4 protein chains.
Amino acid sequence: MADVSQPISPEGAKARVLVAGATGYAGALAAQLVWSHPRLELSVITGRSDAGRRLNDLYPRYSVPLTLKELEETDFDEVEVGIVAYPHGAAAPVVAQMRGRGLLVVDLSADFRFDSLPDYEKAYGPHSEPGLLDGAVYGLPELERARIAEAELVANPGCYPTATILALAPLAQAGLLEDVVVDAKSGVSGAGRGGGEGTAFVTITENVNAYKPSGHRHRPEIAEKLGLIAASGGNAEAAPERLTFVPHLVPVDQGELVSCYVTPRRQVGQVELDELYAAAYGDEPFIRLRELPPGMRDVRETNQCHVFPLVTDDRILVESAIDNLWKGASSQAIQNLNLMLGLDETEGLG
Amino acid sequence: MADVSQPISPEGAKARVLVAGATGYAGALAAQLVWSHPRLELSVITGRSDAGRRLNDLYPRYSVPLTLKELEETDFDEVEVGIVAYPHGAAAPVVAQMRGRGLLVVDLSADFRFDSLPDYEKAYGPHSEPGLLDGAVYGLPELERARIAEAELVANPGCYPTATILALAPLAQAGLLEDVVVDAKSGVSGAGRGGGEGTAFVTITENVNAYKPSGHRHRPEIAEKLGLIAASGGNAEAAPERLTFVPHLVPVDQGELVSCYVTPRRQVGQVELDELYAAAYGDEPFIRLRELPPGMRDVRETNQCHVFPLVTDDRILVESAIDNLWKGASSQAIQNLNLMLGLDETEGLG
Amino acid sequence: MADVSQPISPEGAKARVLVAGATGYAGALAAQLVWSHPRLELSVITGRSDAGRRLNDLYPRYSVPLTLKELEETDFDEVEVGIVAYPHGAAAPVVAQMRGRGLLVVDLSADFRFDSLPDYEKAYGPHSEPGLLDGAVYGLPELERARIAEAELVANPGCYPTATILALAPLAQAGLLEDVVVDAKSGVSGAGRGGGEGTAFVTITENVNAYKPSGHRHRPEIAEKLGLIAASGGNAEAAPERLTFVPHLVPVDQGELVSCYVTPRRQVGQVELDELYAAAYGDEPFIRLRELPPGMRDVRETNQCHVFPLVTDDRILVESAIDNLWKGASSQAIQNLNLMLGLDETEGLG
Amino acid sequence: MADVSQPISPEGAKARVLVAGATGYAGALAAQLVWSHPRLELSVITGRSDAGRRLNDLYPRYSVPLTLKELEETDFDEVEVGIVAYPHGAAAPVVAQMRGRGLLVVDLSADFRFDSLPDYEKAYGPHSEPGLLDGAVYGLPELERARIAEAELVANPGCYPTATILALAPLAQAGLLEDVVVDAKSGVSGAGRGGGEGTAFVTITENVNAYKPSGHRHRPEIAEKLGLIAASGGNAEAAPERLTFVPHLVPVDQGELVSCYVTPRRQVGQVELDELYAAAYGDEPFIRLRELPPGMRDVRETNQCHVFPLVTDDRILVESAIDNLWKGASSQAIQNLNLMLGLDETEGLG
């Protein structure tokens, strides 16, 4: 295996990548993004349910001609990087195995997203590899860039947390979040492939409805991270006192819009609000501050997050749009990987 | 003209109806509903932009074979009822003319929805017929049934107010509304026919975005009515202290879902909440209390409103779904007309 | 059991109906249409997969509050009519059982659609009740009205054959069909509930593709019926020499459009063509001849078939639109049942 | 102005490009593709209706930060290449002006697509620059690669002709086309921006209908080119005897599927058919022969054309899918430009 303790050199060989679980929507897109990346080489793709098929037959839109293998057939010594697109619970042992062989890993599951093991286990059940939690870094580059660059295991955030935390981080850092309502709207691909009747065309078209109106697993992920951001901004007691998160399903394949209604700890004017966001995001390559509310289409199939903050009715509204499969999953994994490998953060992300 | 001061008798002649402005989405549907109504007769339909065309050519799905006339060609003596589907401002003079000739009128515009003339003029500009405001009754049958039955001019509510007020009325009556966020999602037909590029298929499909995030004209209508309901419940000071209303456009032709996030004045448990809603709506023919969050499809092309109240995170969430063209406009007009004519409220509404 | 050998009298009791298989899209709609029918009584609904649930919980949009039973729990003596919405093969024994108890039956499956047993078995495999084939009448009322009125078992046509045969019957009767290409576009509900990944929203939205481009089972049904119509028109040798049928899936929930490209046996002008269609369909309550090509929306949730015939490029184009769940399945079943019971054919079909 | 009589050198400066008419769907996408192209520089974008706005404000999904100018403000000496995205008729004078200043031009309009001036004028009316017709090359690279590489004016094909001609060219070259029916399905963006009520979301969703069922302007373009291909294959008399082309609008924003039903001049088996297509397209970077019918999604936002040929019912069916805005317009323009500039044909096309 190549030595990846140092960044690959600008002129050097491509880093060889294994995508485990390339049959689902997020894994397949990750494979495609690696395939077309100038500094990465897609060496192996695995996926039990469709092993033996070529990825561009399974997803004719993608150009990856590789054949899906079973994970057990894979020789980890042939690659330097693993991207894991398994369901939570199933991901942890695969990540552990890869880390044991020295691979850099980006994990798209929830398994290493939480700082707090109890919070993880409350939401997802027992954790099979708790020892790896400490070394894992939460992969939101706009907030954790330096730590990601040093990390060997990055936990890619959930799609709702990505959009929500990017929407609220400037307010959290300033200690302004008192009470937050997040009304989220998500495209159907967020439910994954094989969703059954609940994601059938006939169920979804011409329809919008809330689901899991209380207890969605992304809520504690959002709450933990906003608390940590507030603490890091020197506002340890300024975690939101109340946070409500209600996701809705909309007839869109890819896309996510979160509408955040914030009661601030003190009155904030539009000018101050704009300055806060400009300071936080003015130089970010993948965040765009908008003068009008963004739509899902504006970020479709990009790694962009568009953010619109507004003072209204003595409250702060922040609308934030991402593509749930791109910035909410697979392209953000590439952004993280670029950082881990010392590449330009935007490489291969258009 | 027939004497309509008394309800038409069960066996009697059909009431003759004029639909003015039958070329837009709401007017055309109102015409169709009158056409298929067992106790109404569709006598005249008007619409300048398509005068001379038959309605079932303009809207091939509808079965109304009548030809659209210009309003000026119409003899008001031939009808007993006028349904007006004009834009605000343009509606008032037509309503005044009809009332002057003794017609019962249901007006689908905003012109007679406000109790307060200043509030109307702040949102919509000068009012040409302020003298008619006093006699107009707000046409939300579930709350104003008795007054509607006596009314000669009914102001049909806006689609957002219908869904929102029905969602929140039980809480308003109990004086529980302290702080309200309404995140509304609307199908595109709410923008009316001829919306231009903003409602083009290419703009809307695979997209969701907020619009008019502050200052939407339905917000003061909602605020006024919730205040009146609170007052009528003996809670004069219990109007919501803060009300935020943010509408979103979703890729759906007909349908509306409002998600109401309420901070109550005191803690409320799920049992008490369910009892409040059951007491308010248990016998309503067009309201269904749901155990799971309703979807727009569940009420599509019906006069139904489905309501789902939930205690979560020390807050109350109420999801409420209607068809914006039906219960949010045209079928609610028929429901009002049934009451005004002394007919069964559900007549002709399937 | 009531005597149904005679039509029910206009003032008489409602006919009691059992819908077997009311959990699928077509069965559930049939149940809803019976429920709202002024001369039918929905007595029992069955469906194994959801037995014990109420239909208006399974399909919140429908108003049927009855609880689904297992077929085995059902007492056939309590009903006069059975509507069977089972898959082909599974339907035949249920139909036989019902006929054995004297019920009038409308079967929505393919099991009794073919005159020719070999043609059926070639397309669908062995038939368990071939003895019932002779007495079954093909339920296309516009062509078989008199025989349906006398029938005790009606085989409801497939959705593609309904749209295609209505498009082509006037040409078949005149012996004009030489070579026919049918390019069909269907909404997704035609694939039934539980279609899996192939009918998932993510698969279907922003997509159109052909499927089963040769060998679709509706092709021999279309071919047999067009041949019989040609023969009945005194054109025994005038069955189409060649018939190609290619179905396409479009991102629509309900709706079907067939585009028929006909090479006629002799040159036909537009005037003659229009006269042929006017003669055939001028008085039909559920067929509308259009001057412009019809769209699926024009017939959505109606029992209508809109037909547009055009001479172009020395060929005849006929576009024909239906709602695949209504005229292509459930509402046509009601139309057939109205005829069988001696009711007005349009009763309960708005 | 740079000398563009010779291809730009692999290491040389980027070619400077003007996109005229960058406010429409095709022009805006062309600008975006130039912007992200490694060997092209987007120097100027023009568009009267939105002059003064930045393109990434007009189309927030695109990353082009340039401000739209009026064409009159533009200095043609600053660029080497013009891409013209004007309506037919309006394009010709702009093309003439650019050619007069020595620019290489790719024109997306119909103005230079026809070899025959009378055929053009029959379909589109008088031509203002007939003198340029002779030098213009039809920009279908898979068929005209060598001539395009030498051309200074390339007429980019229409979207329907692109999909149809690529579907049928192998049969045309072999002189096999006797009778052709083309049933085309197109996404709505093909109608351009500002389509009005006909392309409104409410009109399009849950709908499919034919439009211009005879006389569509792309039919003579298809007919002329298939005739020329047949002639070039030594089959001068083998142009199709009859060609019917019927376009349908489907609820898709971008995408096009054509279903071609061919009566061949002699019987052809599946093996021969597959060999014909493999010989024609086996090495094409942007054509993929499919074993199953392709869907629009498979080629969405790519320059690919997926083709599926099948022998069925003594006929040949060819299904062909493109993205109408990409391979049917803007990305094909880039493919042509790559050839004209001596670059790798796939450069900048992912």
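Residues numbered from 1 in each chain as written. Chains lettered and ligands numbered in written order. Predicted model: local features only at pLDDT ≥ 70, side-chain atom pairs only at ≥ 80, totals over all residues. Heavy atoms only, no water.

**Side note on the domain arrangement of chain A**
All names here are of chain A. Its domain assignment divides chain A into domain 1 (15-156 + 328-340) and domain 2 (160-324). Using only C-alpha atoms to locate each centre, domain 1 and domain 2 end up separated by 24 Å. Between domain 1 and domain 2, roughly 2,100 Å² of surface is buried when both sides are summed, and carbon and sulfur atoms account for 49% of that area. Contact with domain 2 buries area across many residues of domain 1, yet Tyr25, Glu142 and Leu143 alone supply 25% of it, more than any other trio. Taken together, domain 1 and domain 2 are joined by 5 salt bridges. (Domains from an automatic or database assignment. Buried area = accessible area lost by both parts, 1.4 Å probe. Salt bridge = Lys/Arg side-chain N within 4 Å of Asp/Glu carboxyl O.)

**Digging into the interface of chain D and chain C**
In this assembly, 46 residues from chain D lie in contact with 46 residues from chain C. Between chain D and chain C lies a buried interface of about 3,500 Å² when both sides are counted; carbon and sulfur atoms form 54% of it. Summed over the three residues of chain D that lose the most area to chain C, namely Glu206(D), Arg242(D) and Arg297(D), the buried surface amounts to 20% of that side. At the boundary of chain D with chain C, the tally comes to 8 salt bridges. Two residues, Asp183(D) and Lys185(C), come together in a salt bridge whose shortest N-O distance is 2.8 Å. Looking at the side of chain D that touches chain C residue by residue, the class counts come to 21 nonpolar, 12 polar and 13 charged. (Contact = heavy atoms within 4.5 Å. Nonpolar A, V, L, I, M, F, W, Y, C, P; charged D, E, K, R; others polar.)

**Some remarks on the relation of the copies chain B and chain A**
Relating one copy of the chain to the other requires a rotation about an axis plus a shift along that axis. When chain B is fitted to chain A, the best match, at an RMSD of 0.0 Å, comes from turning it 180 degrees and sliding it 0.0 Å along the axis. The operation mapping one copy onto its partner corresponds to a two-fold rotation axis. A share of 100% of the interface residues of chain B reappears at the interface of chain A, consistent with the copies meeting face to face through the same patch. (Least-squares fit on C-alpha atoms with pLDDT ≥ 70 in both.)

**Thoughts on the nonpolar core**
Core analysis: the biggest nonpolar cluster contains 93 residues, and Ile45(A), Leu55(A), Ile83(A), Ile45(C), Leu55(C) and Ile83(C) have the highest contact counts within it. Per-element tally for this core: the top contributor is helix H1 (residues 25-35) of chain A, with 8 residues. Discounting residues that sit within four places of it in the chain, Ile45(A) has contacts with Val19(A), Ala22(A), Ala31(A), Leu55(A), Val64(A), Leu66(A), Thr67(A), Leu68(A) and Lys69(A). Judged by nonpolar contacts, the second largest core, of 92 residues, contains Val17(B), Ala31(B), Ile45(B) and Leu108(B). (Core = buried A, V, L, I, M, F, W, Y, C linked by side-chain atoms within 4.5 Å. Buried < 20%, exposed > 50% of the residue type's maximum accessible area, 1.4 Å probe, protein only. Helix = DSSP H or I, 4+ residues; strand = E, 2+ residues; numbered from the N terminus.)

**Looking at the interface of chain B and chain A**
Taken residue by residue, the interface counts 46 residues in chain B and 46 residues in chain A. A buried area of about 3,500 Å², summed over both sides, lies between chain B and chain A, and 54% of it is on carbon and sulfur atoms. By the criterion of area lost to chain A, the three top residues of chain B are Glu206(B), Arg242(B) and Arg297(B), representing 20% of everything that side buries. Our count for the chain B to chain A interface comes out at 8 salt bridges. Linking chain B with chain A are 37 residue pairs in polar contact (both at pLDDT 80 or more), by the criterion used here. Of all the secondary structure elements, the ones that give two or more residues to the side of chain B that touches chain A are strand E7 (177-186), helix H7 (201-204), strand E8 (209-210), strand E9 (242-249), strand E10 (256-264), strand E12 (305-312) and strand E13 (315-322) of chain B. Partitioned by chemical class, the residues of the side of chain B that touches chain A number 21 nonpolar, 12 polar and 13 charged. (Polar contact = N/O pair within 3.5 Å; in protein donor to acceptor, adjacent residues only side chain to side chain.)

**Some words on the environment of Leu249(D)**
Residues and elements named next belong to chain D. By the element assignment, Leu249 lies in strand E9 (residues 242-249). The exposure class of Leu249 is buried, given its relative accessible area of 14%. When the C-alpha atoms of Leu249 and Asn209 are compared, they prove to be 5.6 Å apart, with 40 residues separating the residues in sequence. Apart from the residues lying within four places of it in its own chain, the contact partners of Leu249 are Ser186, Gly187, Val188, Gly198, Ile204, Asn207, Val208, Asn209 and Tyr211.

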